[in-house]
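Understanding the architecture of this molecule
Chain by chain, the residues run as shown.
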Amino acid sequence: MKESAGRRIIISFVAVLFVSGHVVTSFTPTGQRTLLASTPCTLHLNHDGVSELDIDIDGSSSSTEATQNVPSELTSISDRRSMLLSTSAVALTSFAALSMSSASSAAETLEELSLGDAKWDNAADAVLQSPSIPLCARIVPPSFATYLARFLLHYDEGALRWWEKQADSFSLLASYEAKKRESKSFSSYTSSIQKGLYRHISGENESNVKSYSKVRTQYSYLLTSLVDKYGSKEGAIRDIGLLFAILPPVYQPTEEMMKLDKGVITKTGSNKGSKLDNFTPNFQEDFTLLLPNKYQMQYNGIEKSYTITPKINLFEIEISEEPGVKAISTTFGPLSSKPLLRERSLSLDIYALLGISGGAGCALTHTLVIPLDVVKTRMQTNPGEYNGVFDGAATITREEGIGALLLGTQATIVGYLWYGISVYPSYAFFKRFIASTLMSPAFAVAHANDVALVAGALASVIASLGLTPLEACRIRAVAQPEIYRDAGLIGTGKIIASENDQLGWKTLYAGLPSLMIRQVIFGSVKFLAFERASEAIFSIHPEFREATVTALGVSLVAGGISGALSSVVSQPADSVLTYVAKDSGGNLGVFDGARKMIREEGVKSLFNGLGSRCVWAGCIIAGQFLLYDVFRAAFGITGEDLNQALTLTLDLNN
């Protein structure tokens, strides 16, 4: 029921935004189009998916007829726009409130391990502090580590509850995928245990490594601790004996092993695996199974050590768990080279750094293309006046000077600074919040792509709230420089707001519904496509993760793919909304406009200009993600910095 409630909340929220936008854009009063008469606007889509708002560039908004028709009709439209703005504002207030509540989550059950002090540390720090233990290290054999991991899943309540939650989170996946993820979780969990064991066994500065006696002493402490903590449970003593019989003879704490109760040693364990005489077919898949009944520890008087009888083939084979991650396959399961990781809860300062990184990346990217934006805007507001981009740039420079190519710079920088500051941390927040709070773990895992799409859409809603008025000011400054060049950004905003006494500052939001619809479609696909493209590239070339330059190169390529794909997906909506805005003053609804457009111009009209838009958006979005990752790297908030690794410090009776 939890995931159903979460889905209803998100779908309802997005639906309100879409319906509100459709109502405002399609509403036209009978007789007089008061809103359009008082504030005529033409909407175009920027090539990176951001709408351009062209409001009253011909100065016709102050007609006497329009002013006389304002009172009754305009109030209704104003109410609708207020409803849309109020609904959207919920996202802003919720962001601040929910970021505080989601940061504090319940303690993970693995932190309740009785064996020692388990805690989640910064993944980057954990990697630096982790001992350089080879996977096949004899001092902590992989077979010993994996069987101890199984032992804990059965006898340790904290480990068992964690594993049950892990298995439940994969329950909605296909059987093969669920087993694959369970294997990966067990492998990483075992790695954390092995690293904790190694720190204990090897001693300070690995001083015990070259001394068999010191290693045996440390293992004797471990055996005593396991007996004290789990010995009272049925079958535990037998499994502890079998566990230490796995060790090489030179490391076995034989004196402590001999002290184990002989009667209890032969008592079978309580779990479903140990009650059987032979290995079950799913032994390599069910990591809660322990050795079957017929296996016992037996003392060898000649070698003065213990063995398992009947003899077991304790194989240890190096494998590739996933691209770039080595592992060891053992009789009892896989052992990864990487510890168990989880996403960390992001604090407000992390969100702030993500915002700064996104704002700097977007502002710099769009600042570089301001001259192209100026030419493109002139071509849209004055169709037919220029023969292409180069002719437009040459004509503007010749007639107005080189400085004219930088018109609207203030609005561009501030607008995309806001866009980056708002959209990137919002996406990170909503993605985590939806998955961890509004949905069950199983539903969130099975619908990870849907979560990313909704998070991108909600982030785009927030970005649209600040971008709309700034785009309006930018278009005015570019289209009518003789009026707005000297007014500056704030002055231009005041002029637009003063054009309609009834709407006031809301005049700046005349194009919000259309812009929001476009942004939601473009933005939701952008983030999902970038993440999946990055994963695909790293899966083929995992070595690209190792160097900063190649990792940033992946961001550049994945960003280009993301921008192009987002353009393809959002192109039909962009074409229809632009057609509706231009058609007879905008008296068509979105769906009616789509039918009329297809009827008159054919289906192919939905994709007019797609090629050039894909190239433009691909370049812009590639630059955004590249610079975003550059700044994140500079701030130390990339990759492992946003994850936590499980570290184990053994609590032994020594």
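Residues numbered from 1 in each chain as written. Predicted model: local features only at pLDDT ≥ 70, side-chain atom pairs only at ≥ 80, totals over all residues. Heavy atoms only, no water.

With respect to the overall build of the chain
Helix and strand counts for the chain stand at 24 helices and 10 strands. Here the chain holds 654 residues, and 54% of them are scored as buried. Expressed as a percentage of contacts within the chain between residues at least 6 apart in sequence, the contacts between residues at least 24 apart total 76%. Looking at the chain as shown, the accessible area adds up to about 28,000 Å², and 58% of this sits on carbon and sulfur atoms. (Helix = DSSP H or I, 4+ residues; strand = E, 2+ residues; numbered from the N terminus. Buried < 20%, exposed > 50% of the residue type's maximum accessible area, 1.4 Å probe, protein only. Contact = heavy atoms within 4.5 Å. Areas by Shrake-Rupley, 256 points an atom, 1.4 Å probe, with all protein chains shown as cover.)

Some remarks on the nonpolar core
Counting 59 residues, the largest nonpolar core has Phe144, Tyr189, Tyr219, Leu226 and Phe244 as the members making the most contacts within it. Broken down by secondary-structure element, the contributors of at least two residues to this core are strand S3 (116–122), helix H6 (142–155), helix H7 (157–169), helix H8 (175–202), helix H9 (212–230), helix H10 (236–245), strand S5 (305–309) and strand S10 (643–650). Ranked by residue count, the leading element in this core is H6, at 9 residues. Excluding its chain neighbours within four sequence positions, the residues that come into contact with tyrosine 219 are Ile139, Val140, Pro141, Phe144, Ile201, Phe244, Leu247, Tyr251 and Pro253. (Core = buried A, V, L, I, M, F, W, Y, C linked by side-chain atoms within 4.5 Å.)

Overview of the sheet that holds strand S7 (residues 325–330)
With antiparallel pairing, the 3 strands of this open sheet are ordered in space as S6-S7-S8. Here the strands that pair on one side only, and so sit at the sheet edges, are strand S6 (316–322) and strand S8 (333–336). Going across the sheet, the axis of each strand differs from the next one's by a mean of 35°, ignoring polarity. Of the strand pairs in this sheet, S6 and S7 are connected by 6 bridges, and their pairing is antiparallel. By the bridge assignment for S7, isoleucine 319 is matched with alanine 327. Across the sheet, H6 is in contact with S6, S7 and S8; its angle to S8 comes to roughly 110°. H8 rests against S6 and S8 of the sheet, and its axis sits at about 60° to S8. (Pairing = 2+ DSSP bridges. Axes fitted to C-alpha atoms, helices over the stretch in contact; angles between N-to-C directions.)

Quick word on the environment of isoleucine 350
Turning to its location among the elements, isoleucine 350 is positioned in helix H13 (residues 348–368). A residue is classified by how much of its surface remains accessible, and isoleucine 350, at 7% relative accessible area, is buried. When the C-alpha atoms of isoleucine 350 and glycine 636 are compared, they prove to be 9.8 Å apart, with 286 residues separating the residues in sequence. Non-local contacts of isoleucine 350, meaning those with residues more than four positions away in its chain, are made with Ile637 and Leu642.

Digging into the confidence of the model for the chain
Averaged over all residues, the pLDDT of the chain equals 78, while 76% of them reach at least 70. Mean pLDDT across the elements of the chain ranges from a minimum in helix H2 (residues 34–38), with 32, to a maximum in H6, with 95. Within the model, the stretch residues 1–77 combines pLDDT values under 50 with 185 contacts to residues more than four positions away or in other chains. Low pLDDT (under 50) marks residues 91–107, which in the prediction has 23 contacts with non-local residues, meaning those over four places away or in another chain. (pLDDT = per-residue confidence, 0-100.)

So, the packing of aromatic side chains
A full pass over the atoms with the stated rule returns 26 aromatic pairs. Ring centres 5.6 Å apart and planes at 85° place the aromatic pair phenylalanine 151 and tyrosine 230 in the edge-to-face group. Note that phenylalanine 151 is positioned in helix H6 and tyrosine 230 in helix H9, a separation of 79 residues in sequence. Each member of the pair phenylalanine 151 and tyrosine 230 is classed as buried. (Phe/Tyr/Trp six-rings, centres within 6.5 Å; stacked < 30°, edge-to-face > 60°.)

Remarks on the environment of cysteine 362
By the secondary structure assignment, cysteine 362 is in helix H13. Put simply, cysteine 362 and tyrosine 419 are 57 residues apart on the chain and 7.3 Å apart in space, counted from C-alpha to C-alpha. Setting aside chain neighbours within four positions, we find cysteine 362 in contact with Tyr416, Tyr419, Gly420, Tyr424 and Gln624.

Things to note about the pattern of salt bridges
Side chains that differ in charge, positive against negative, can pair when their charged atoms come close. In this structure the tally under the stated criterion is 12 salt bridges. A salt bridge links glutamate 318 to lysine 326; the nearest nitrogen and oxygen atoms lie 3.9 Å apart. For the salt bridge of lysine 431 with glutamate 531, the shortest nitrogen-to-oxygen distance reads 3.0 Å. Here lysine 431 is found in helix H16 (residues 409–438), whereas its partner glutamate 531 is found in helix H21 (residues 512–540), with 100 residues between them in sequence. When its relative accessible area of 17% is taken as the criterion, glutamate 531 is described as buried. (Salt bridge = Lys/Arg side-chain N within 4 Å of Asp/Glu carboxyl O.)

Some points on the packing of H16 against H21
Across the interface, H16 lies against H21 with an axial gap of 12 Å and an inter-helix angle of 65°. When the interaxial angle is binned, H16 and H21 end up roughly perpendicular. Note that H16 runs across H21; the crossing there is right-handed. Contacts from Tyr419, Val423, Tyr424, Tyr427 and Lys431 of H16 reach H21 at Gln519, Lys526, Phe527 and Glu531. Each residue belonging to the contact of H16 with H21 can be placed in one class, and the counts come to 5 nonpolar, 1 polar and 3 charged. (Parallel < 35°, antiparallel > 145°, perpendicular 65-115°, else oblique. Left-handed = near helix turned anticlockwise from the far one by under 90°. Nonpolar A, V, L, I, M, F, W, Y, C, P; charged D, E, K, R; others polar.)

Focus: H9
Compared with the 27 Å implied by 1.5 Å per residue over 19 residues, the 27 Å span of H9 between its first and last C-alpha is a close match. As for H9, its buried residues are in contact with H6, H8, H10, helix H11 (254–258) and S10. (Expected span 1.5 Å × (residues − 1).)

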